[in-house]
Amino acid sequence: MSRQDVTAYVALGANLGEAERSLRTALQALAAAPGVRLVRASGLYRTAPVDSSGPDYLNAVAEVATTGTAPELLDLLQSIEQQAGRERPYRNAPRTLDLDLLLFGEARIVSSRLTVPHPRMFERAFVLMPLAEIAPRLVSETQMQAVAAQRIERLT
């Protein structure tokens, strides 16, 4: 018996190297991964770094359906980051690719490796705007108003 698909949402971001290419390659890698189906992806957004430095980020959010567990999806995301040359020299360092698991079905997970829902997702326009684009029922007007002062620009 196979596991039923779980709908998960993944935030994508990059501000080093060829950021747009990194995001598109990451989406292709998600779509090609066993047990994962890319359902939809938002457009790309440009944002200033939050709690970070370096050039502006490009961001997006993807909806995936997976037969795997949340830790398995996290392993996949970290593997895709490594393939993109992700380094972690210090907290919130500029990055070639950052993939964060935002939501995993209705799951509430708190472990040393993973917290779902992502603990800061509702503080960041670069997560909420693209998430609202592809799953408007998941983002309230109040949540959008809370991040309204953050600079964000939809590119595609």
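These lines cover the structure that appears in this document, whether it is placed above or below.

Cut-off values and rules
Residues numbered from 1 in each chain as written. Predicted model: local features only at pLDDT ≥ 70, side-chain atom pairs only at ≥ 80, totals over all residues. Heavy atoms only, no water. Salt bridge = Lys/Arg side-chain N within 4 Å of Asp/Glu carboxyl O. Helix = DSSP H or I, 4+ residues; strand = E, 2+ residues; numbered from the N terminus. Buried < 20%, exposed > 50% of the residue type's maximum accessible area, 1.4 Å probe, protein only. Pairing = 2+ DSSP bridges. Contact = heavy atoms within 4.5 Å. Expected span 1.5 Å × (residues − 1). Arc of directions from axis to C-beta. Core = buried A, V, L, I, M, F, W, Y, C linked by side-chain atoms within 4.5 Å.

1. Re the pattern of salt bridges
Move 1: Under the criterion given, the structure shown has nine salt bridges.
Move 2: Ionic pairing is found between Asp5 and Arg37, a salt bridge with its closest N-O pair at 3.5 Å. Within this pair, whereas Asp5 is found in the segment before strand 1 (6–14), its partner Arg37 is found in strand 2 (residues 36–41), the two being separated by 32 residues in sequence.
Move 3: Between Arg151 and Asp56 there is a salt bridge; the shortest N-O distance is 3.0 Å. With a gap of 95 residues between them, Arg151 in the loop between helix 4 (141–146) and strand 8 (152–154) and Asp56 in the loop between strand 3 (45–47) and strand 4 (57–66) connect regions that are remote in the sequence.

2. Points about the pairing of strand 1
Consecutive side chains along a regular strand alternate between the two faces of the sheet.
Move 1: When you tally the buried positions in strand 1, you get eight out of nine residues, the bulk of the element.
Move 2: As paired strands, strand 1 and strand 4 are joined by nine bridges and run antiparallel to one another. Each residue of the ladder has a partner; that of Gly13, found in strand 4, is Asn59.
Move 3: For strand 1 and strand 5 (residues 98–104), the ladder comprises six bridges, and the chain directions are antiparallel.

3. Overview of the side chain of His118
Move 1: Relative to the helices and strands, His118 resides in the loop between strand 7 (115–116) and helix 3 (125–134).
Move 2: Judged by its relative accessible area of 14%, His118 is buried.
Move 3: Once residues within four sequence positions are removed from consideration, His118 is found in contact with Asp100, Leu101 and Leu102.

4. Focus: helix 2 (residues 70–83)
Move 1: Here helix 2 contains 14 residues, and its C-alpha end-to-end distance of 20 Å stays within 8% of the 20 Å for a straight helix at 1.5 Å per residue.
Move 2: Ala70, Leu73, Leu74, Leu76, Leu77, Ile80 and Glu81 are the residues of helix 2 that are buried. Along helix 2, the residues classed as buried sweep out an arc of 160° about the axis, all on the same side. Along helix 2, the residues that are exposed and aim more than 90 degrees away from the buried face are Gln82 and Gln83.
Move 3: Lining the buried residues of helix 2 we find strand 1, helix 1 (19–32), strand 2, strand 4, strand 5 and strand 6 (109–110).
Move 4: One or two residues past the end of helix 2 sits Gly85, with phi positive at roughly 85°.

5. A few points about the nonpolar core
Move 1: In this structure, Leu12, Leu73, Leu99, Leu101 and Phe104 are the most contacted members of the largest nonpolar core, which totals 29 residues.
Move 2: Secondary structure elements with two or more residues in this core: strand 1, helix 1, strand 4, helix 2 and strand 5.
Move 3: Ranked by residues supplied to this core, first place goes to helix 2 with six residues.
Move 4: Beyond its immediate sequence surroundings of up to four residues, Leu73 is in contact with Ala8, Val36, Val64, Thr66, Leu101 and Phe104.
Move 5: With 15 residues, the next largest nonpolar core counts Ala11, Met121, Val127 and Leu128 among its residues.

6. Quick word on the environment of Ala33
Move 1: On the secondary structure map, Ala33 appears in the loop between helix 1 and strand 2.
Move 2: Residue Ala33 is classed as buried on the basis of its relative accessible area, which comes to 10%.
Move 3: In sequence terms Ala33 and Leu73 are 40 residues apart; their C-alpha atoms lie 9.8 Å from each other.

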